[in-house]
Amino acid sequence: KPFIGKTRIIDDYCHHPTEITMTLAAIREENPHAKILCVFQPHQHNRTIELLKGFANSFHAVDEVIVPDIYRVRDKAEDIAKISAKILAEEINKACKKEKASDGGGLKKTAEFILKNHANYNIIVTMGAGDIYNIHWMIK
């Protein structure tokens, strides 16, 4: 579904900092005055740890970011203990020098936020290689 109300919904498989940065920059270039929310679900905890600085610097082109969770696959307990959606959101805020990112508290809570607040955005972009696509069924 490309729209919820008047808000355009874009889904992208991006899950690497370079892809994210370039995709969001292109969306911003085409929509210079739009209010853009990005819902980003990183893939794997150990990968999120390794690419943390890159992820933190990937969201300058959007107004807000929600990290619903980190998609778990082949993750070790020690990696899960080292990184979370909340930590990634904090790192994004540090890199952007403002409060623009938050922990969504899971896909269901993030979908509830979108249903309640979609009218505040012109564009909502979902990104990730995990099960982020399920959020689209939740906001129908």
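It should be emphasised that the depicted structure is a prediction, and the values quoted were computed from it without experimental measurement. (Residues numbered from 1 in each chain as written. Predicted model: local features only at pLDDT ≥ 70, side-chain atom pairs only at ≥ 80, totals over all residues. Heavy atoms only, no water.)

**Q** Tell me about the nonpolar core, and please be specific about residues and values.
**A** Counting residues in each nonpolar core, the largest one holds 27 residues, and the members touching the most others are Ile-20, Leu-24, Phe-40, Phe-59, Ile-92, Val-125 and Met-127. Listing elements by their share of this core, those giving two or more residues are helix 1 (17–30), strand 3 (36–41), helix 3 (52–56), strand 4 (64–67), helix 5 (85–96) and strand 6 (123–128). Ranked by residue count, the leading element in this core is helix 5, at five residues. Of all hydrophobic cores here, the second largest spans 13 residues; its members include Ile-9, Leu-37, Val-39 and Ile-66. (Core = buried A, V, L, I, M, F, W, Y, C linked by side-chain atoms within 4.5 Å. Buried < 20%, exposed > 50% of the residue type's maximum accessible area, 1.4 Å probe, protein only. Helix = DSSP H or I, 4+ residues; strand = E, 2+ residues; numbered from the N terminus.)

**Q** If you had to explain the pairing of strand 2 (residues 7–12) to someone new, which residues and values would you point to?
**A** As judged from the two bridges shared by strand 1 (residues 3–4) and strand 2, these two strands associate in the antiparallel manner. Paired with Ile-4 across the two strands is Thr-7, which belongs to strand 2. The turn joining strand 1 and strand 2, which pair antiparallel and follow one another in sequence, is formed by two residues; a positive phi near 65° is taken by Gly-5. Pairing geometry for strand 2 and strand 6, over five bridges, is parallel. Within strand 6, the residue paired with Ile-9 across the bridge is Ile-124. (Pairing = 2+ DSSP bridges.)

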